[in-house]
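For reference, the chains in residue letters:
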Amino acid sequence: MRHTISVLVENKFGVLARISSLFSGRGYNIESLSVGETIDPKTSIMTIVTTGDDRIIEQITKQLNKLIDVIKVTDLTEVDHVEREMVLIKVAPKQDDKAEVLRLTEIFRGRVVDSSPKTYTVEITGDESKINAFVELMRPFGIKEFVRTGKIAIAREGFKK
Amino acid sequence: MKKTGAEIVIECLKREGVKHIFGYPGGVVLNIFDLLYDDKDLKLILTRHEQGAVHAADGYARATGKPGVVLVTSGPGATNTVTGLATANMDSIPVVVLSGQVPTKLIGNDAFQEADIVGITRPCTKHNYLVKDVADLARTIREAFYIATTGRPGPVLIDLPKDVTNDKTNFHWPEKVTLRGYNPKYEGNKWMIKQAAGLIQKAKRPVIIAGGGVISSNASKELRELAELTRIPVIMTLMGLGAFPGTHELSLGMPGMHGSYYANKAIQEADLLVSVGMRFDDRVTGRISDFAPHAKIVHIDIDPTSIRKNVRVDVPIVGDAKRVLRDLVQELKKSEKKQWEAVKKAWLKQLEKWKKEHPYSYEFDEEVIKPQYVVERLYDLTKGDAIISTEVGQNQMWAAQFFKFDKPRTFLTSGGLGTMGYGFPAAMGAQVAFPNKTVIDIAGDGSFQMNIQELATCVTYKLPVKVAILNNMYLGMVRQWQELFYGERYSYSYLDVVPDFVKVAEAYGAVGLRATKPSEVDDVIKEALKVKDKPVVMDFIVDWKEKVYPMVPAGAALDEMILGEEKKKKEKKLRAVK
Ligand SMILES: Cc1ncc(C[n+]2csc(CCOP(=O)(O)OP(=O)(O)O)c2C)c(N)n1
Ligand SMILES: [Mg+2]
């Protein structure tokens, strides 16, 4: 099963390497990983999306906890939480399709953040299903480039463990 | 007062109680070496290879319980420590390695003798550091020792750029270490301990399996109390040998691939395993799906990742072996005094029967020396009062089977990594800590050659380490697998050229002795034990055909043991490829 794990770490040299080498060294999957400082510049939060059966997920959280620079590990999958991801999609629609691309962008509450004579770059934020749905809708118009931030997630207040 | 980084290193090591450093110099650590030149309290043992230095520090740590310390230079000096670090890491041994590094402004430039040792050793240390500012140095060293020696112990490396050892700062040594991401849990959960006690009271066929964790947490007394109170027999993993007296009537010896028949049978028939400070390594469990099929499992370990990693667990207890065992004994004493022995009468009788049916055994021969015989004689002639290290291979298994360890910290062996070349420098480290004890490396002819250069170190520092080579001219354990599982195709396991170890010893200024017949074995050992001021190499020319039994083939269940030679196979003409 797929899990979203939030890892609070010391903002120290080499922390990212420690975490990624833990995953690669033990053969765990990383579907996505995003990192950023928290409100306290001495710490960062990494949001890791990974897959595995219960035994593997238990090992992953324990192994993460074992790292000296890891302060706290929360498996958000077990609590009510909000998750978001942002993507930037560069589409190259034919002249006739341009309006449709703009209309769909609007429906998905996206924004066109750049345009050129042949392309639009669209920014979409949302959970995974929304993003996947938008990507599928854009595919027929010709996606030239596509970047995603990886998921970030936060527990809903009152549900925090 | 301001101190240089090098002065801070020395001061911090002293405050940590360090007396000996194992090391090897080079350009970027000369600031530190210069201070050692006339230091009266800190003694550096100059090994002949950095790998030897780390194994020596590891042996020192295993024998004493105190952290072993290493000082090496950057680049090749640092990379030479990797095998030693990985060895210590797998066996949870507290070792602190200080490695020199190129000056901070050159890091990343592929400077002369630069290696990203923090990157290289990340997966084989408990933690590691690159110190970029002399102001962080004292705190970092303090943290390193704290991390190495607490919780589940392990090696820590500190990388020290040359300029950091030169820079000056106000010296401040923090009394207390606070690391918000590191809080080992020592006390076991009370409710879980009650559950465990409940299972122990009910069990009719229980066994305890003790691992290296019992030794690192100095919990032998508590383990013995538990076993004697409840009359539960004790199995010890390779790493746990010595945690409980090997000569005790309740001892069942070692389990696993080359474990005793009765230990493996006991596990397979048991209705309860009380596992303490061991991690269910595949060499211990055999085929995992058939491991201990009838048993409930209580697992006590300080490292939560060890629990439920390999086997299902009914009662997990995260905590320090010493405290959990103490609490468990207290809990068991509280409950009404049961007829512990009576409940297990049938079980203890069954175990006695298995012990009698298939003890560790070999066939003595008048003409050729059996390797097991050498180990037995070493045991008898030292009366077991020795620190034994081993290399890896058949020698290691025979040492584990035929030497009986009654005390913790007397058996030094590379269990997790299985590092050939470990035993001799480890013995040297133990001898540095205990100059007057008998320290013997039970060695193979292949393994000994991997760190044979440390003879020079032993001669220099008058360390009377004894090396007992079970010389079979083969990478014997490899040969055994090839004989049993590869149709006797001895592919590159024959050591065509084995040096004359007696002459090698003499060339280094050590004593060399040889026995080629069983009748010579005692004389050689007695002669060796007399030597108190230099190393001794005993070259025992043993039967190369001998194999280690019992054997659970890789992937088989624990009770699928090969107990010994089926029948004398007809001697085939064998061809060894070299
Ligand atoms: C550094 C290293 N390389 C290879 C091995 C694989 N290996 C395990 S046992 C063994 C043979 C050891 O030979 P020897 O030291 O002569 O011991 P024996 O088995 O003959 O007693 C080998 C090559 C190892 N354990 N360590
Ligand atoms: Mg050999």
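Structural notes, computed from the coordinates.

1. Observations concerning the interface of chain B and chain A
Turning to step 1, where the next piece is worked out: If you look at the interface, chain B gives 19 residues, while chain A gives 21 residues.
Turning to step 2, where the next piece is worked out: Regarding the contact of chain B and chain A, the summed buried area is about 1700 Å², with carbon and sulfur atoms giving 49% of it.
Turning to step 3, where the next piece is worked out: The tally of links between chain B and chain A comes to three salt bridges.
Turning to step 4, where the next piece is worked out: For Arg308 of chain B, the salt bridge identified is with Glu58 of chain A, shortest N-O distance 3.0 Å.

2. With respect to the pattern of salt bridges
Residues and elements named next belong to chain B.
Turning to step 1, where the next piece is worked out: Within the structure shown, the criterion is met by 51 salt bridges over all chains.
Turning to step 2, where the next piece is worked out: Among the ionic pairs, Arg287 bridges to Glu560, the shortest N-O distance being 3.0 Å. Here the residue Arg287 occupies a position in the loop between helix H13 (282–285) and strand S13 (296–301), and Glu560 occupies one in the loop between strand S21 (536–541) and strand S22 (576–577), the gap between them amounting to 273 residues.
Turning to step 3, where the next piece is worked out: With relative accessibility at 38%, the residue Glu560 sits in the partly exposed group.
Turning to step 4, where the next piece is worked out: Residues Lys353 and Glu357 are paired through a salt bridge, measuring 3.4 Å at the closest nitrogen-oxygen approach.

3. Digging into the coordination of the magnesium ion (ligand 2)
When a metal holds four donors in a tetrahedron, each ideal angle between them is 109.5 degrees; when it holds six in an octahedron, the ideal angles are 90 or 180 degrees.
Residues and elements named next belong to chain B.
Turning to step 1, where the next piece is worked out: Around the magnesium ion (ligand 2), the protein contributes the donor atoms Asp445 (OD), Asn472 (OD1) and Tyr474 (O), which lie 2.1 Å from the metal centre.
Turning to step 2, where the next piece is worked out: Binding-site remark: the magnesium ion (ligand 2) is held by donors from one chain whose sequence spacing is D-x26-N-x1-Y. Of this pair, Asp445 sits in helix H20 (residues 445–448) while Asn472 sits in the loop between strand S18 (466–471) and helix H22 (476–485), placing them 27 residues apart in sequence. Accessibility classification places Asp445 together with Asn472 in one group, the buried group.

4. Looking at the packing of helix H3 (residues 98–107) of chain A against helix H4 (residues 128–138) of chain A
All names here are of chain A.
Turning to step 1, where the next piece is worked out: Between H3 and H4, the least distance of the axes is 11 Å, while the angle of their chain directions is 175°. Relative to H4, H3 is oriented roughly antiparallel. Between H3 and H4, the contacting residues are Val101, Leu104 and Thr105 on the first element and Phe134, Leu137 and Met138 on the second.
Turning to step 2, where the next piece is worked out: Residue classes in the contact of H3 with H4 are distributed as five nonpolar, one polar and no charged.

5. Quick word on H3 of chain A
Residues and elements named next belong to chain A.
Turning to step 1, where the next piece is worked out: Among the residues of H3, those classed as buried are Lys98, Val101, Leu104 and Thr105. Along the axis of H3, the buried positions cluster into a sector of 130°, meaning they face one direction only. Residues Ala99, Glu106 and Ile107 are exposed on H3 and point more than 90 degrees away from its buried face.
Turning to step 2, where the next piece is worked out: For H3, the elements touching its buried residues are strand S5 (81–91), strand S6 (111–115), strand S7 (120–126) and H4.
Turning to step 3, where the next piece is worked out: With its phi angle positive at about 50°, Arg109 sits one or two positions after the end of H3.

6. Re the sheet that holds strand S5 (residues 95–101) of chain B
Residue and element names in this part refer to chain B.
Turning to step 1, where the next piece is worked out: Strand order in the open sheet formed by six strands is S3-S2-S4-S5-S7-S6, with parallel pairing between adjacent strands. Each edge of the open sheet is held by one strand with a lone partner, namely strand S3 (43–46) and strand S6 (127–130). Within this sheet the neighbouring strands show an average axis-to-axis angle of 20°, counted without direction.
Turning to step 2, where the next piece is worked out: In the sheet, strand S2 (residues 20–23) pairs with S3 via four bridges, with the strands oriented parallel. Residue pairing in the sheet places Ile21 in a bridge with Leu44 of S3.
Turning to step 3, where the next piece is worked out: In this fold helix H3 (residues 50–64) packs onto S2, strand S4 (68–72) and S5, with an angle of close to 165° to the strand it touches most, S4.

7. Brief notes about helix H24 (residues 518–530) of chain B
Residues separated by three or four positions in an α-helix point in the same direction, a consequence of the helix having 3.6 residues per turn.
Residues and elements named next belong to chain B.
Turning to step 1, where the next piece is worked out: Those residues of H24 lying buried are Pro518, Val521, Asp522, Val524, Ile525, Ala528 and Leu529. The buried residues of H24 occupy an angular sector of 165° when projected down its axis, which confines them to one face. Structural note: H24 exposes Ser519, Asp523 and Lys530 on the side pointing more than 90 degrees away from its buried face.
Turning to step 2, where the next piece is worked out: Looking at the packing, one finds that the buried side of H24 touches helix H17 (371–382), S18, strand S20 (511–515) and S21.

8. Side note on the packing of H17 of chain B against helix H18 (residues 394–402) of chain B
Residues and elements named next belong to chain B.
Turning to step 1, where the next piece is worked out: Their axes nearest at 9 Å, the elements H17 and H18 cross at an angle of 45°. Judged by the inter-axis angle, H17 sits oblique to H18. For the pair H17 and H18, the crossing hand works out as right-handed. Residues Pro371, Gln372, Val375, Glu376 and Tyr379 of H17 lie in contact with H18, whose contacting residues are Trp398, Ala399 and Phe402.
Turning to step 2, where the next piece is worked out: Of the residues assigned to the contact of H17 with H18, the class counts are six nonpolar, one polar and one charged.

What counts, and at which threshold
- Note that residues are indexed from 1 along each chain, following the sequence as it is written.
- Ligands are numbered from 1 and chains lettered from A, in the order in which they are written.
- For a predicted model such as this one, the threshold for reporting local features is a pLDDT of at least 70, and the threshold for listing and counting side-chain atom pairs is 80 or more; totals across whole chains, interfaces and linings nevertheless cover every residue.
- Processing note: side-chain calculations cover all non-hydrogen atoms of the structure and skip hydrogens and water entirely.
- Contacts were defined at the residue level, with two residues in contact if any of their heavy atoms lie within 4.5 Å.
- Take the accessible area each of two parts loses on contact, using a 1.4 Å probe, and add the two losses: that sum is the buried area.
- Basic side-chain nitrogens of Lys or Arg form a salt bridge, by our definition, when they fall within 4 Å of a carboxyl oxygen of Asp or Glu.
- The secondary structure listing takes helices from DSSP runs of H or I that are at least 4 residues long and strands from runs of E that are at least 2 residues long, numbered from the N terminus.
- When accessible area is computed with a 1.4 Å probe and restricted to protein chains, residues below 20% of their type maximum are described as buried, those above 50% as exposed, and intermediate ones as partly exposed.
- Note: metal donors comprise N, O and S atoms at 2.8 Å or less from the metal (3.2 Å for Na, K and Ca); water molecules are not included, so apparent gaps in a site are possible.
- Under this scheme, a helix contributes an axis fitted over its contacting stretch, all axes are lines through C-alpha atoms, and angles between N-to-C directions fall in the 0 to 180 degree range.
- Any angle between 65 and 115 degrees counts as roughly perpendicular, while under 35 counts as roughly parallel, over 145 as roughly antiparallel, and the rest as oblique.
- Classification convention: Asp, Glu, Lys, Arg as charged; Ala, Val, Leu, Ile, Met, Phe, Trp, Tyr, Cys, Pro as nonpolar; all other residues, Gly among them, as polar.
- For this quantity, the arc is that covered by the directions from the helix axis to the C-beta atoms.
- Only strands joined by at least two bridges in the DSSP assignment are considered to pair.
- Whether a crossing is left-handed or right-handed is set by the direction in which the near helix is turned from the far one by less than a right angle, anticlockwise for left-handed and clockwise for right-handed.

These results come straight from atomic positions and should not be treated as a statement about function.
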